[in-house]
Amino acid sequence: MADPRETTEKYTIKRFRSVGKEDPDYGQAREWLRAVGFGFHDEQRSDELIDKILAMYQADNRELTGVYVNDEPPLHALNPGFPVATFGTLENKLNVGYGRELPTRQITAVTVRGTHRRHGILRGMMTADLADAKDDGFAMAALTASEASIYGRFGFGVATFERSIKVDTGPKFRIRHEPVGRVEIADPRVLLELAPEVFERVHHRTPGSIVRQDAYRHQVSGAMNREGAEDKAIKCALHYGPNATIDGYVSYKFAGWDTKPYTVEVVDLVASTDEAYLELWQFLGSIDLVDQVSWADAPVEDPLAWALVDGRCVTASDYRDMLWLRVLDVPAALSARRYGADGRLVLQVHDALGFADGTWELASDGGLVTVTEVPGGNPDLSMDVTDLGSVYLGAVSPVILASAGRIREHSPGAALAAQHMFAVERPAHCLTHF
Ligand SMILES: CC(C)(COP(=O)(O)OP(=O)(O)OC[C@H]1O[C@@H](n2cnc3c(N)ncnc32)[C@H](O)[C@@H]1OP(=O)(O)O)[C@@H](O)C(=O)NCCC(=O)NCCS
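Parameters at a glance
Residues numbered from 1 in each chain as written. Predicted model: local features only at pLDDT ≥ 70, side-chain atom pairs only at ≥ 80, totals over all residues. Heavy atoms only, no water. Helix = DSSP H or I, 4+ residues; strand = E, 2+ residues; numbered from the N terminus. Rg over C-alpha atoms; globule rule 2.2 N^0.38 Å. Contact = heavy atoms within 4.5 Å. Core = buried A, V, L, I, M, F, W, Y, C linked by side-chain atoms within 4.5 Å. Buried < 20%, exposed > 50% of the residue type's maximum accessible area, 1.4 Å probe, protein only. Domains from an automatic or database assignment. Pairing = 2+ DSSP bridges. Axes fitted to C-alpha atoms, helices over the stretch in contact; angles between N-to-C directions. Salt bridge = Lys/Arg side-chain N within 4 Å of Asp/Glu carboxyl O. Near = heavy atom within 4 Å. Polar contact = N/O pair within 3.5 Å; in protein donor to acceptor, adjacent residues only side chain to side chain. Areas by Shrake-Rupley, 256 points an atom, 1.4 Å probe, with all protein chains shown as cover. 1 Å grid on protein atoms, 1.4 Å probe; cavity = no way out; pocket = protein on both sides within 12 Å on 5 of 7 lines; lining within 4 Å. Points joined across faces, edges and corners; volume = space filled by probe spheres on them. Nonpolar A, V, L, I, M, F, W, Y, C, P; charged D, E, K, R; others polar. Lys, Arg positive; Asp, Glu negative; His and termini not counted.

Asks: Explain the overall build of the protein to me, please; I cannot follow it from the model alone.
Replies: When helices and strands are tallied, the protein shows eleven helices and 19 strands. A compact globule built from 434 residues should have a C-alpha radius of gyration of about 22 Å, and the protein, at 23 Å, falls within 12% of that. Overall, the C-alpha framework of the protein stretches about 65 × 65 × 35 Å when taken along its three principal axes. Taking the contacts inside the protein whose residues are at least 6 apart along the sequence as the reference set, 72% of them involve residues at least 24 apart.

Asks: Mind showing me how you'd approach the nonpolar core here?
Replies: The biggest cluster of nonpolar side chains holds 70 residues, and the ones touching the most others in it are Met-126, Phe-156 and Leu-323. Ranked by residues supplied to this core, first place goes to helix α3 (residues 121-135) with seven residues. Two domains each put at least three residues into this core: domain 1 (11-138) and domain 3 (324-421). Filtering out sequence-adjacent residues up to four positions away, Phe-156 remains in contact with Ile-107, Met-126, Leu-130, Ala-141, Ala-142, Leu-143, Tyr-151, Trp-324, Leu-325, Arg-326 and Thr-386. In terms of nonpolar packing, the next biggest core, distinct from the first, is built from 28 residues, Val-264, Leu-269, Ile-287 and Val-293 among them.

Asks: What is the right way to look at the sheet that holds strand β10 (residues 246-254) in this model?
Replies: The strand order across the open sheet formed by seven strands is β8-β9-β10-β11-β12-β7-β13, and the pairing between neighbours is mixed. What marks the edges here is a single partner per strand, and that holds for β8 (182-186) and β13 (314-321). Taken pair by pair, the neighbouring strands of this sheet meet at an average axis angle of 25 degrees, ignoring direction. Both strand β7 (residues 161-168) and strand β12 (residues 292-298) contribute to a ladder of five bridges, which runs antiparallel. Bridge pairing in β12 links Lys-166 to Ser-294. Contacts from helix α4 (residues 191-205) reach β9 (235-240), β10 and β11 (263-271), with the element oriented near 120 degrees to β10.

Asks: Just checking my understanding: could you explain the pattern of salt bridges for this structure?
Replies: Working definition: two side chains of opposite charge can pair if their charged atoms are close together. Summed over the entire model, instances satisfying the criterion amount to 27 salt bridges. A cluster of three or more residues bridged by salt bridges with shared partners is formed by Arg-15, Arg-17, Glu-63, Glu-91, Arg-105, Asp-129, Asp-132 and Asp-136.

Asks: Sorry if this is basic, but what is going on with the site of the ligand here?
Replies: In the region of the ligand, 20 residues are neighbours, and Val-110, Val-112, Arg-118, Arg-123 and Ser-146 sit closest. Within the backbone of Arg-123, an N or O atom sits 2.8 Å from an oxygen atom of the ligand. Here the ligand, which alone exposes 900 Å², has 76% of that area covered by the protein. Elements that contribute at least two residues to the shell around the ligand include exactly β4 (100-112) and α3.

Asks: Any chance you could explain the layout of surface pockets here in plain terms?
Replies: Any space left empty among the atoms is revealed by the rolling of a water-sized probe across them. Approximately 660 Å³ is the volume attributed to the second largest pocket. As for the second largest pocket, its lining consists of 34 residues, of which Pro-299, Glu-301, Pro-427, Ala-428 and His-429 are closest to the centre. Those elements that provide at least two residues to the lining of the second largest pocket are α4, β11, α6 (274-285) and α11 (414-422). Of the residues assigned to the lining of the second largest pocket, the class counts are 22 nonpolar, seven polar and five charged. When residues of the lining of the second largest pocket are sorted by domain, at least three fall in each of domain 2 (162-319) and domain 3 (324-421).

Asks: Sorry, what's going on with the domain arrangement of the protein here?
Replies: How big an interface is tends to be reported as the loss of accessible area on association of its parts. Domains assigned within the protein are domain 1 (11-138), domain 2 (162-319) and domain 3 (324-421). The C-alpha-based centres of domain 2 and domain 3 are spaced at 36 Å.

Asks: Whenever I open this one, the side chain of Arg-163 confuses me. Can you help?
Replies: Here Arg-163 lies in strand β7. Although buried, Arg-163 forms no salt bridge, and the nearest oppositely charged side chain, Asp-302, lies 4.3 Å from it. Looking at Arg-163, its side chain comes within polar contact range of the main-chain oxygen of Pro-299, at 3.0 Å. With near-sequence residues (within four places) excluded, Arg-163 lies in contact with Trp-295, Ala-296, Asp-297, Ala-298, Pro-299, Val-300, Asp-302, Ala-316, Ser-317, Asp-318, Tyr-319 and Arg-320.

Asks: Looking at this structure, I do not really get the sheet that holds β4. What am I missing?
Replies: The pairing of strands in a sheet happens through backbone hydrogen bonds and is either parallel or antiparallel. With mixed pairing, the seven strands of this open sheet are ordered in space as β1-β2-β3-β4-β5-β14-β6. Here the strands that pair on one side only, and so sit at the sheet edges, are β1 (11-17) and β6 (157-158). Where β6 lies against strand β14 (residues 324-327), two bridges are found, and the strand directions are antiparallel. Counted as the bridge partner of Gly-157 is Leu-325 from β14. With respect to the sheet, α3 is in contact with β1, β2 (63-69), β3 (85-97), β4, β5 (140-143) and β14, its orientation differing from that of β4 by roughly 160 degrees. The strands touched by α4 are β3 and β4; relative to β3, the strand with the most contacts, the crossing angle is about 65 degrees.

Asks: Please clarify how empty space enclosed by the protein should be interpreted in this entry.
Replies: In this structure the tally under the stated criterion is one cavity of 30 Å³ or more. Within this model, the largest cavity holds a volume of roughly 50 Å³. As for the largest cavity, its lining consists of Ala-35, Phe-38, Gly-39, Phe-82, Pro-83, Val-84, Ala-85, Thr-86, Thr-111, Val-112 and Arg-113. Among the elements of the structure, α1 (26-39), β3 and β4 are those that each provide at least two residues to the lining of the largest cavity. The leading source of residues in the lining of the largest cavity is α1, at three residues.

Set out below in C-alpha cells:
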C-alpha cells in the first residue's frame, strides 16, 4: 500500500513540493519527474529540460508524491532514489456554471512502474490523497484519464467531453457573421504574457473550465514544446474586440507540404466572446494555400457548424471523455452551484470510499440554494458518487444515466427535473489538459 502517511516494510512514501534549484529536495524532484516520463513512455529528458519543467511546476505549486522501494536494488537496476510510483496534485478553480468557481484538487502524473503494478500502489496513493483533499476542505477532485476503466472505482465520473475536428476551408467555407472586431497576426511570443490573461476571461465564461497550469503559455507561444525546444512552427493571430481589447487568440501551425490536403493545425484557440470565436474561424478559413484546418481538442458543442453556410464543412471524430470529477463533499459541492431551474430533489449518494455517502435534499428557490442532510429520507433519485460527478456540470443527462441503469428514479420525472436543475448557461467544456 502507498499511503503517504505510512511507511511499509516494502515502500517508503514521500510527499514534497516542487521546489527551486537551491532547495535540498530538488534532486528528489528531478528523479520524480524522470519516473513520470518513464511511466508515460517519454524519451529520456535532459537535465536542462527537467529544470525547465520543474520551474513551471514550481509556478503551479504542485505537490509531488513518490513511492520508493526500501530494499537495496540489485546490481545495475535503477537506484532507489528513482520512485517506483508517482502522483502529482495541484489546486485550481473549476468553473461550475453561472460564474461560480469551486476550488478543486487536480490529480495528475499517476504512474506505477510495471515491475510494481497491481500491488495496490495506485489504490493506496489515491485513497490517501482523496482523504487528505477532503480534510483540506476540497469538495471536488478532478483528473483526466489515460484509460476509462481505472478511475470509476475511486468515485470519478466523466463530466465533460471533447472531440477532434477537420474543417474544410475551401470555397464552401463561409461563416454567416459580420465582423465586429479585427484579427491581426502577432509574434507568438506575445502569448507568454497574453495567453493567461485571455484565458482567464474565457475561463470565467465557460462552465467546466479549470485554470490552466503554467506550461500552457510556454507551449502555445512556441517558447517551449514538449521536448523543451523552441517551437519555430507556431504562428499566432490575435482578436481585438470593438473596444480594441484582445479577447481571443489562435495559436496554430502549418502541417507541412507533405500533408495533403494542405492543413493548418490549431494548437490553441480561446475566445472570450462569441464574435471573437467566429472571427478567429473566419481568419483560419482565409489562410491561403491551405485546404483544411484541424483541431485535435475541439469542443463537442460548437457554434462553428451552425454559423457556417454549409455545416458539413466540419467533420468530427474521436469523441472522448475529458474531465472526470469526484465529489468529496456533497453539501459543499451542491451549494457551490447555481441551478438552471428551481426545484427540490432528495438525492441519495452511494460512495464505496465513504467520503460522499448519504442522503441530501437539494433545493433551489429563486437562486437561493439550500442543501440539507436528510438521513433515511425518501430519495427521488439514488446514484453512485461517480454519477453525481457526471451530472454536476450539466454535460451528462440524468435521464440518460437513468436509462443506462446507473441512476435510479424513485419519483417519476425526477431525472428530468434533475436535468433541468443541473443545466448550466453554456455547454460545459474543459479547455485544460493536465
Ligand atoms: C494505471 C496504473 C497507475 C495502475 O497502478 P497499480 O498500482 O497497478 O494499480 P493498483 O494495483 O492500485 O490497482 C487498483 C485497482 O485499479 C485496477 N486497475 C489498475 N490499472 C488498471 C487499468 N489500466 N485498467 C483497469 N483497471 C485497472 C486494479 O485492478 C485494481 O482494482 P481493484 O482494487 O478494484 O481490485 C499503472 O498501471 C500505470 O502506471 N499505468 C501507466 C500510466 C497510466 O496510465 N497512468 C494513468 C494516468 S491517467
